[in-house]
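Survey of secondary and tertiary structure
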Amino acid sequence: MYGDEALKRVAQAIQKSVQEGDVTARYGGDEFVILFPGKGPRLETLRARLKKHLQALRLSGAEIPLSLSVGLARFPADGKDVDTLLAVADARMYADKEGKKGRRRAGI
């Protein structure tokens, strides 16, 4: 019921979290990609910006809990082509997601 609206609102929150010149795109399903043509922010800075803008989301007047998992890859340190960079970022995003599951099981 809220799926399409949630994706649109998440896209808007991502746009608010990046600077002019950064490129954002939906990558598939509920995943988004951000390309930073310049240096780009530190992971902690990006995560804080995204969290701030996502916390403000209300869908159709209801509060819908959303989770955030981030994977960051840097050129050329993590790869020199798009496929490698996406694979590294994807692996890091899933590691972030798994780390959160472990913290929830431990009661954190």
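Residues numbered from 1 in each chain as written. Predicted model: local features only at pLDDT ≥ 70, side-chain atom pairs only at ≥ 80, totals over all residues. Heavy atoms only, no water.

1. Re unusual backbone geometry
Operational definition: Helix and strand definitions follow DSSP, with helices as H or I runs of at least four residues and strands as E runs of at least two, each counted in order from the N terminus.
Of note, the bond from F75 into P76 is cis; its omega dihedral lies within 30 degrees of zero at 0 degrees. Residue position: P76 is located in the loop between helix 2 (43–55) and helix 3 (82–105).

2. So, the pairing of strand 1 (residues 23–28)
Under the convention used in this document: Following DSSP output, two strands are said to pair if at least two bridges run between them.
Pairing of strand 1 with strand 2 (residues 31–35) involves 5 bridges; the strand directions are antiparallel. Bridging from a neighbouring strand, R26 pairs with F32 of strand 2. In sequence, strand 1 turns back onto strand 2 through a hairpin of 2 residues, with G29 there showing a positive phi of about 55 degrees.

3. A word on the side chain of H53
Our working definition: Polar contacts, as counted here, are pairs of nitrogen or oxygen atoms within 3.5 Å of one another; within protein the pair requires one atom able to donate a hydrogen and one able to accept it, and residues that are adjacent in sequence qualify only if both atoms are side-chain atoms. By definition, residues are in contact when any of their heavy atoms lie within 4.5 Å.
In this structure, H53 sits in helix 2. Side-chain polar atoms of H53 contact the side chain of S17, separated by 3.0 Å. Residues within four places of H53 in sequence aside, it is in contact with A13, K16 and S17.

4. Here we look at the packing of helix 1 (residues 3–17) against helix 2
Quick reminder of the rule: Interaxial angles span 0 to 180 degrees and are taken between N-to-C directions of axes, which are lines fitted to C-alpha atoms, for helices over the stretch in contact. Each angle is binned into one of four classes, with values under 35 degrees roughly parallel, values over 145 roughly antiparallel, values of 65 to 115 roughly perpendicular, and all other values oblique. Take the far helix as your reference; a near helix turned counterclockwise from it by less than a right angle gives a left-handed crossing, and one turned clockwise gives a right-handed crossing. All amino acids are sorted into three groups, where Ala, Val, Leu, Ile, Met, Phe, Trp, Tyr, Cys and Pro are nonpolar, Asp, Glu, Lys and Arg are charged, and the leftover types, Gly among them, are polar.
Orientation of helix 1 relative to helix 2, taken along the N-to-C sense of each, is 135 degrees, at an axis distance of 9 Å. As far as their axial angle goes, helix 2 and helix 1 are oblique. Once helix 1 is placed against helix 2, the crossing between them reads as right-handed. Contact residues: helix 1 offers V10, A13, I14, K16 and S17, while helix 2 offers R49, L50, H53 and L54. The residue makeup of the contact of helix 1 with helix 2, split by class, is 5 nonpolar, 2 polar and 2 charged.

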